[in-house]
Amino acid sequence: MFWLLAILAYLLGSLSFAILLSRVTGNPDPRMSGSGNAGATNMLRLAGKKLAILTLFGDFCKGLLPVLLANQIGLPLQQQAWIGICAVIGHMYPVYFRFKGGKGVATAAGMLLGLYPPAALLAVAAWLLTFQLSRTSSLAALIATPLTLPLLAWQESAALLPMCALTALIVWRHRSNLRDLVAGRERHF
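The name given to the protein chain in an unreviewed UniProt entry is Glycerol-3-phosphate acyltransferase, with Pseudomonas taetrolens as the source organism. Among the UniProt annotations of the protein chain, the heading Subcellular location (unreviewed entry) holds the following wording: "Cell membrane".

As structure tokens, this is what we get:
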């Protein structure tokens, strides 16, 4: 059952709400405009708040639902986390869209909410505070994700290894943002 759910989570994660909503509404493909990222932040820049919120909600749910399903059928927490990561990988490298997707932050947030809500609340609070102070979405993501690791190590250690892998994936997907942050040319809102 684990492998079946992992594959289904990847396929669900591969549904890019940014790309689908752009096509339906006649907006430019987010992979070809703005930051080139198929996620909520780029949708906010390209298509406005409404489509950004819909993208955020869809991306969040595709991380949450597989974890909740894995929990419902009684899989251990670590397997639930790996299944959630499959959804995030699907978002980052979607099979339906030539493996060019988003950076996985909203999908990871949904996954984290399903695994351990206090860690998700910590990540959201850290993201919001960092964004409020810096007006930089990438910096907020790069700070929020690693902050969950000590809490998980203390409270839900079974999820720690998968969350370390997820943190590494998110940092990897933000490597160009890291270069821009260091060079002082990262986009702000």
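A. Main features of the overall build of the protein chain. Helix and strand counts for the protein chain stand at ten helices and zero strands. Tracing the protein chain from N to C terminus, the helices and strands come up as α-α-α-α-α-α-α-α-α-α. A compact globule built from 189 residues would reach a C-alpha radius of gyration of about 16 Å, and the protein chain, at 16 Å, matches this within 12%. Judged by the C-alpha coordinates and their principal axes, the protein chain covers about 40 × 35 × 25 Å. Within the protein chain, the proportion of its 189 residues that are buried is 48%. Summarising the internal contacts of the protein chain: among those between residues at least 6 apart in sequence, 65% fall at separations of at least 24. Accessible area for the protein chain stands at about 9300 Å²; split by element, carbon and sulfur atoms hold 69% of it. Placing the 15 positive and 5 negative side-chain charges of the protein chain at their respective mean positions leaves the two points 7 Å apart.

B. Molecular detail of helix α4 (residues 49-72). Helix length check: α4 (24 residues) gives 34 Å between terminal C-alpha atoms against 34 Å at 1.5 Å per residue, within 8%. For α4, the complete set of buried residues consists of Leu51, Ala52, Thr55, Gly58, Asp59, Cys61, Lys62, Gly63, Leu64, Pro66, Val67 and Ala70. Buried residues in α4 make contact with α1 (2-13), α2 (17-25), α3 (40-47), α5 (77-92) and α6 (105-115).

C. Main features of the UniProt feature "transmembrane region" (unreviewed entry) in the protein chain. Mapped onto this numbering, the UniProt entry annotates "transmembrane region" (unreviewed entry) at residues 81-99, 111-131 and 151-172. When the span residues 151-172 is considered, its composition is 82% helix and 0% strand, and the gap between its end C-alpha atoms is 22 Å.

Here is what the cut-offs are and how they apply
- Residues numbered from 1 in each chain as written.
- Predicted model: local features only at pLDDT ≥ 70, side-chain atom pairs only at ≥ 80, totals over all residues.
- Heavy atoms only, no water.
- UniProt positions renumbered as here; feature names shortened; annotations may be inferred.
- Helix = DSSP H or I, 4+ residues; strand = E, 2+ residues; numbered from the N terminus.
- Rg over C-alpha atoms; globule rule 2.2 N^0.38 Å.
- Buried < 20%, exposed > 50% of the residue type's maximum accessible area, 1.4 Å probe, protein only.
- Contact = heavy atoms within 4.5 Å.
- Areas by Shrake-Rupley, 256 points an atom, 1.4 Å probe, with all protein chains shown as cover.
- Lys, Arg positive; Asp, Glu negative; His and termini not counted.
- Charge placed at Lys NZ, Arg CZ, Asp CG, Glu CD.
- Expected span 1.5 Å × (residues − 1).

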